[in-house]
Amino acid sequence: MDSQYETKKNDPNAIMPYPESSGDEHVGEVRGLSGGIMDKEPEAQEGHAKFHRLGWKRLTVVLIVEAIALGSLSLPGAFATLGMVPGVILSVGMGLICIYTAHVIGQTKLKHPEIAHYADVGRVMFGRWGYEIISFMFVLQLIFIVGSHVLTGTIMWGTITDNGNGTCSLVFGIVSAIILFLLAIPPSFAEVAILGYIDFVSICAAILITMIATGIRSSNQEGGLAAVPWSCWPKEHLSLAEGFIAVSNIVFAYSFAMCQFSFMDEMHTPSDYKKSIVALGLIEIFIYTVTGGVVYAFVGPEVQSPALLSAGPLLAKVAFGIALPVIFISGSINTVVVSRYLIERIWPNNVIRYVNTPAGWMVWLGFDFGITLIAWVIAEAIPFFSDLLAICSALFISGFSFYFPALMYFKITRNDASSQSKKYFLDALNVLCFVIGMGILGIGTYAAIQDIMDRYDHGKVSTPYSCAPLA
């Protein structure tokens, strides 16, 4: 394995992750291009160097950008539904499990350096049909996530401007899409990591303001903090659908695994990934558990989602303004990932894939614009888009974060265990991961569909391309 990685690191022609496109039988195949015309082009050598500059510290930052967004402020609502004790247990437990599944993904990448994106592992495990199915899941989920950031941006602009004194919310959606497009222009994750520092400070500041503001409001009410009616246990008359939507909010907050292959492919020393996933996992567990528990304890069962809306009208505007970078930086990185994947698939043997020539930049900007436009259209055209995103997350994130890593273990890394007892322990752990994934797939999809039906029954579903405020 080490010698395979060294070959890849030292020979730029050995790392090309995509096939010749001369025949259908090669679609999704991962192999080198040694001896091709790319060997002789300085742009290819320069491009290879450009896309292998990521160290473990910047990988941690990029993973934070992908993982920690305003979704962390939906966790107090999940705690309000599930109760403090189940909320804390789920937050910590899911965090630890996701650190492990990310480790399996990292081990798989080291054993198969040719895997450049999550779709590629589908071919390694299942052949061409696996590649195509996971490719579809990968692209659709990333585009939907970009669309969700368009809507979050729309809500943010409406809150800050008091809905623009009657301004159509479509205008805010267009502004959000333009910002997402501009922030997705840098094609290298090493460049995106620079924005990541701003992103991380932004979300931490927004969370801190939310906690302080809700704490002060609760302290000033009659009875103070002691009067807040939070509970250790799930609320009464909790339905399966409502409860599992809350569980899903916690699970999806840890869904960083989908882009891990893409990020690791840009590392100059991929074996350093362990430092990054442990750092990210512990940061997530701390932020999510503290945010969910503290804000729920301050606000109680009436906490809104995202929780910064519970901070009061003025401070909600302040918090949204400070959270502006995280809304758009975290959204734009998904555009970068899906654009990189599609370009590398379509032009595997062309320097276009390195985005360092005029043609490369034209193609890159075209994909950047096209994906952002598609995300905006889908988000605005589907009146129950947030619920549709929940369905897709239940269908896809359950695989990316849980049952696909379990299958990677059994099909690729199982024999790496140092002892038989450790192998048995990891067997049991991965069976658990697989069962969790299947549970999220089945019950999570049911809960999301039921929520759509309930929203229709209560008249809470808007019309396509509506000008009405979203919050």
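For clarity, every value in this text was computed on a predicted model and none was experimentally measured. (Residues numbered from 1 in each chain as written. Predicted model: local features only at pLDDT ≥ 70, side-chain atom pairs only at ≥ 80, totals over all residues. Heavy atoms only, no water.)

### Examining the overall build of the protein
Convention followed: By definition, any uninterrupted DSSP run of H or I lasting at least four residues is a helix, any uninterrupted run of E lasting at least two residues is a strand, and each is numbered from the N terminus. Values of the radius of gyration come from C-alpha atoms, whereas the globule rule sets the reference at 2.2 Å times the count of residues to the power 0.38. Exposure categories follow from relative accessible area, calculated using a 1.4 Å probe and restricted to protein chains: below 20% of the type maximum is buried, above 50% is exposed, and the middle band is partly exposed. By the convention used here, residues are in contact when the closest approach between their heavy atoms is within 4.5 Å.
The helix and strand tally for the protein stands at 16 helices and zero strands. Relative to the 2.2 N^0.38 estimate, which gives 23 Å for 471 residues, the radius of gyration of the protein is 22 Å and therefore close to what a compact globule would have. Overall, the C-alpha framework of the protein stretches about 75 × 55 × 40 Å when taken along its three principal axes. Evaluated residue by residue, the protein yields a buried proportion of 56% over its 471 residues. Sequence-distant contacts, at least 24 apart, represent 84% of the contacts inside the protein between residues at least 6 apart.

### Quick notes on the state of the cysteines
As a reminder of what qualifies: Cysteine sulfur atoms are paired as a disulfide whenever they come within 2.5 Å of each other.
Taken as a whole, this structure holds one disulfide when the rule is applied. We note that C259 lacks a disulfide partner, and the nearest cysteine sulfur, in C98, lies 14 Å from it. On the accessibility criterion, C259 (0% relative accessible area) is buried.

### A word on the side chain of K423
Put simply, the test is: Residues scored as charged are limited to Lys and Arg (positive) and Asp and Glu (negative), so that His and the chain ends carry no count. Criterion for a salt bridge: a side-chain nitrogen of Lys or Arg within 4 Å of a carboxyl oxygen of Asp or Glu.
Mapping K423 onto the fold places it in helix α16 (residues 420-457). Of the side chains bearing the opposite charge, D427 lies closest to the buried K423, which forms no salt bridge; the N-O distance is 7.0 Å. With residues up to four places along the chain from it excluded, the contact list for K423 reads Y409, R414, N415 and A417.

### So, the packing of aromatic side chains
Both the distance between ring centres and the angle between the ring planes are used here to describe each pair of aromatic rings. Where we set the bar: Aromatic contacts are taken between Phe, Tyr and Trp rings whose centres are within 6.5 Å, Trp giving its six-membered ring; a plane angle under 30 degrees counts as stacked, one over 60 as edge-to-face, and the others as tilted.
The tally for this structure, following the rule as stated, stands at 17 aromatic pairs. Here F126 and W129 contribute two aromatic rings whose centre-to-centre distance is 5.3 Å and whose plane-to-plane angle is 35 degrees, an arrangement assigned as tilted. Residue class for F126 comes out partly exposed when judged on its relative accessible area of 23%. For the ring pair F138 and F400, a centre distance of 6.5 Å and an interplane angle of 80 degrees mean the geometry is edge-to-face.

### Let's talk about the nonpolar core
For the record, the criterion: Put simply, buried Ala, Val, Leu, Ile, Met, Phe, Trp, Tyr and Cys residues joined by side-chain atoms within 4.5 Å make one nonpolar core.
Within the largest apolar cluster, 137 residues are counted, with the highest numbers of intra-cluster contacts made by L70, Y118, F263, F400 and M408. Counting residues per element, this core draws most heavily on helix α15 (residues 385-413), which supplies 15 residues. In contact with F263, not counting residues within four places along its chain, are L54, L59, V62, L63, E66, F189, I333 and V337.

### As for helix α14 (residues 358-381)
Going by this rule: Multiplying one less than the number of residues by 1.5 Å gives the expected span of a helix.
Over its 24 residues, α14 extends 34 Å from the first C-alpha to the last, a length consistent with the 34 Å expected when each residue adds 1.5 Å. Among the residues making up α14, those that are buried are G360, V363, W364, F367, D368, I371, T372, A375, W376, I378, A379 and E380. Tucked inside the fold, the buried residues of α14 contact α7 (128-160), α8 (169-183), α13 (313-346) and α15.

### Comments concerning the environment of F434
Assignment of secondary structure puts F434 in helix α16. Remark: the alpha-carbon pair of F434 and D457, spanning 23 residues in sequence, is separated by 34 Å. Each residue touching F434, except ones within four places of it in the same chain, is listed here: Y403, A406 and L407.

### Quick word on helix α12 (residues 273-299)
Across its 27 residues, α12 extends 38 Å between first and last C-alpha, which sits within 8% of the 39 Å expected from 1.5 Å per residue. A positive backbone phi angle near 90 degrees is found at G300, which sits one or two residues after α12.

### Here we look at the packing of helix α6 (residues 118-126) against α7
Note the cut-off: Here, axes are lines fitted to C-alpha atoms. For helices the fit covers the stretch in contact, and angles between N-to-C directions go from 0 to 180 degrees. For classification, angles of less than 35 degrees are called roughly parallel, those exceeding 145 degrees roughly antiparallel, those between 65 and 115 degrees roughly perpendicular, and all remaining angles oblique. Whether a crossing is left-handed or right-handed is set by the direction in which the near helix is turned from the far one by less than a right angle, anticlockwise for left-handed and clockwise for right-handed. Polarity classes work like this: nonpolar for Ala, Val, Leu, Ile, Met, Phe, Trp, Tyr, Cys and Pro, charged for Asp, Glu, Lys and Arg, and polar for all others, with Gly in that last group.
Axis separation between α6 and α7 bottoms out at 6 Å; the angle between their running directions is 155 degrees. Judged on the interaxial angle alone, α7 and α6 are roughly antiparallel. Here the hand of the crossing between α6 and α7 comes out right-handed. Facing Y118, A119, D120, G122, R123 and F126 of α6, the residues of α7 in contact are R128, W129, G130, Y131, I134, S135 and F138. Across the contact of α6 with α7, the residue classes tally to seven nonpolar, three polar and three charged.

### As for the pattern of salt bridges
Tallied over the full model, the rule gives 10 salt bridges. A salt bridge links E266 to R340; the shortest N-O distance between them is 3.0 Å. Of this pair, E266 sits in the loop between α11 (260-264) and α12 while R340 sits in helix α13, and the two are 74 residues apart along the sequence. Side by side, E266 and R340 carry an identical accessibility label, which is buried. As a salt-bridge pair, R414 and D427 come within 2.7 Å of each other at their nearest N and O atoms. One end of the pair, R414, is in the loop between α15 and α16; the other, D427, is in helix α16, and 13 residues separate them in sequence. Taking the relative accessible area as the measure of exposure, R414 reaches 25% and is therefore partly exposed. The class for D427 is buried, based on a relative accessible area of 13%. Look at the salt bridges and you will find they share partners, linking E266, R340 and E344 into a network.

### Thoughts on the confidence of the model for the protein
This is how it is decided: Per residue, pLDDT captures the predictor's confidence, and it can take any value from 0 to 100.
With 91% of its residues at a pLDDT of 70 or more, the protein shows a mean pLDDT of 88. Throughout residues 1-37 the model reports pLDDT below 50, and contacts reaching past four residues in sequence, or to other chains, amount to 79 contacts.

### A word on the packing of helix α9 (residues 189-220) against α13
Here α9 crosses α13 at 150 degrees, and the two axes come no closer than 8 Å. The orientation of α9 relative to α13 falls into the category roughly antiparallel. The interaxial crossing formed by α9 with α13 has left-handed handedness. Broken down by class, the residue content of the contact of α9 with α13 amounts to 21 nonpolar, three polar and two charged.

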